Amino acid sequence: MKSKVKVWIEDNENNLIFGGGKTQILELIDETGSISEASKRAGMNYKKAWSHIKVLQEYIDDELVIVTKGRNSGGTTLTPKAKELVKNFKKLNEEVSKFSEDRFKELFLKSKNIIQCSKENENV
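What you are looking at is a predicted structure, and each value in this text was computed from that prediction instead of being measured. (Residues numbered from 1 in each chain as written. Predicted model: local features only at pLDDT ≥ 70, side-chain atom pairs only at ≥ 80, totals over all residues. Heavy atoms only, no water.)

**Student:** Help me out: how do you make sense of the pattern of salt bridges in this one?
**Tutor:** Side-chain pairing between opposite charges can occur once the charged atoms of the two side chains come close. If you walk through the whole model with that rule in mind, you get nine salt bridges. With a shortest N-O distance of 4.0 Å, Lys81 and Glu84 are connected by a salt bridge. Pair noted here: Lys81 and Glu84 are both in helix α4 (residues 80-110), with a separation of three residues, about one helical turn. Classification of Lys81 as partly exposed rests on a relative accessible area of 38%. For Glu84, a relative accessible area of 39% translates into the label partly exposed. (Salt bridge = Lys/Arg side-chain N within 4 Å of Asp/Glu carboxyl O. Helix = DSSP H or I, 4+ residues; strand = E, 2+ residues; numbered from the N terminus. Buried < 20%, exposed > 50% of the residue type's maximum accessible area, 1.4 Å probe, protein only.)

What follows is the structure, given as structure tokens:
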């Protein structure tokens with residue numbers, strides 16, 4: 001048994017700015033150099049991938065992706081700021097997840113076994 005948390009960043013009006021989906025698409029753009037290929041690998045349609053990028057452009061002042069048009073030389077690259085954003089978000093997510101799991105174990109599993117899952121015992 002373990003705890004799960006989901007981390008995202010919102011503005012002061014509760015608009016979703018950055019989270020797992022945008023992190024994934026930016027990482028795949030960096031890996032493939034293509035929004036189209038990144039969207040395929042992420043299992044999302046191209047329009048959704050562009051939607052993620054447009055939200056980022058709308059809410060974040062810094063340029064995050066550079067799209068170069070051209071038949072043979074076109075592609076998409078991440079700016080250093082985008083790479084830093086992805087790196088920091090992943091670090092935040094890992095740290096929050098680790099804290100949550102450790103705290104869950106401390107509060108629910110260590111002392112009194114407050115939560116017992118009968119389904120887990122059936123599969124052992």
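**Student:** Just checking my understanding: could you explain the pairing of strand β4 (residues 75-78) for this structure?
**Tutor:** A regular strand places its side chains on the two faces of the sheet in alternate fashion. Judged by which residues are buried, β4 turns out to be one-sided: Thr76 and Leu78 face inward and are buried, whereas Gly75 and Thr77, on the alternate face, are not. The hairpin formed by strand β3 (residues 65-68) and β4 contains six residues between the paired strands, and Gly70 there has a positive phi angle of roughly 155°. (Pairing = 2+ DSSP bridges.)

**Student:** Which parts of the structure should I look at to understand the environment of Ile25?
**Tutor:** Along the chain, Ile25 falls in helix α1 (residues 20-32). For Ile25, a relative accessible area of 0% corresponds to the buried category. Expressed as a C-alpha distance, the spacing of Ile25 and Ile35, which sit ten residues apart in the sequence, is 8.0 Å. Excluding residues that lie within four positions of it along the chain, Ile25 makes contacts with Ala38, Ser39, Ala42, Met44, Ala49 and His52. (Contact = heavy atoms within 4.5 Å.)

**Student:** Explanation requested: the pairing of β3 in the structure shown.
**Tutor:** Bridge analysis of β3 against β4 gives four bridges, and the strand direction is antiparallel. The partner of Val67 across the bridge, within β4, is Thr76.

**Student:** Please explain the packing of aromatic side chains as it appears in this structure.
**Tutor:** Remark: the centre distance and the inter-plane angle together describe each pair of aromatic rings, the angle taken between the planes. According to the stated counting rule, one finds two aromatic pairs in the structure shown. Ring plane angle 80° and centroid distance 5.2 Å describe the contact between Phe18 and Phe89, whose orientation is recorded as edge-to-face. Of this pair, Phe18 sits in strand β2 (residues 16-18) while Phe89 sits in helix α4; the two residues are 71 residues apart in sequence, bridging distant segments of the chain. Exposure class is identical for Phe18 and Phe89. Each is buried. (Phe/Tyr/Trp six-rings, centres within 6.5 Å; stacked < 30°, edge-to-face > 60°.)

**Student:** What is the right way to read the environment of Ile29 from this model?
**Tutor:** Relative to the helices and strands, Ile29 resides in helix α1. Overall, the relative accessible area of 0% leaves Ile29 in the buried class. Between the C-alpha atom of Ile29 and that of Val65, which follows or precedes it by 36 residues, the distance is 8.8 Å.

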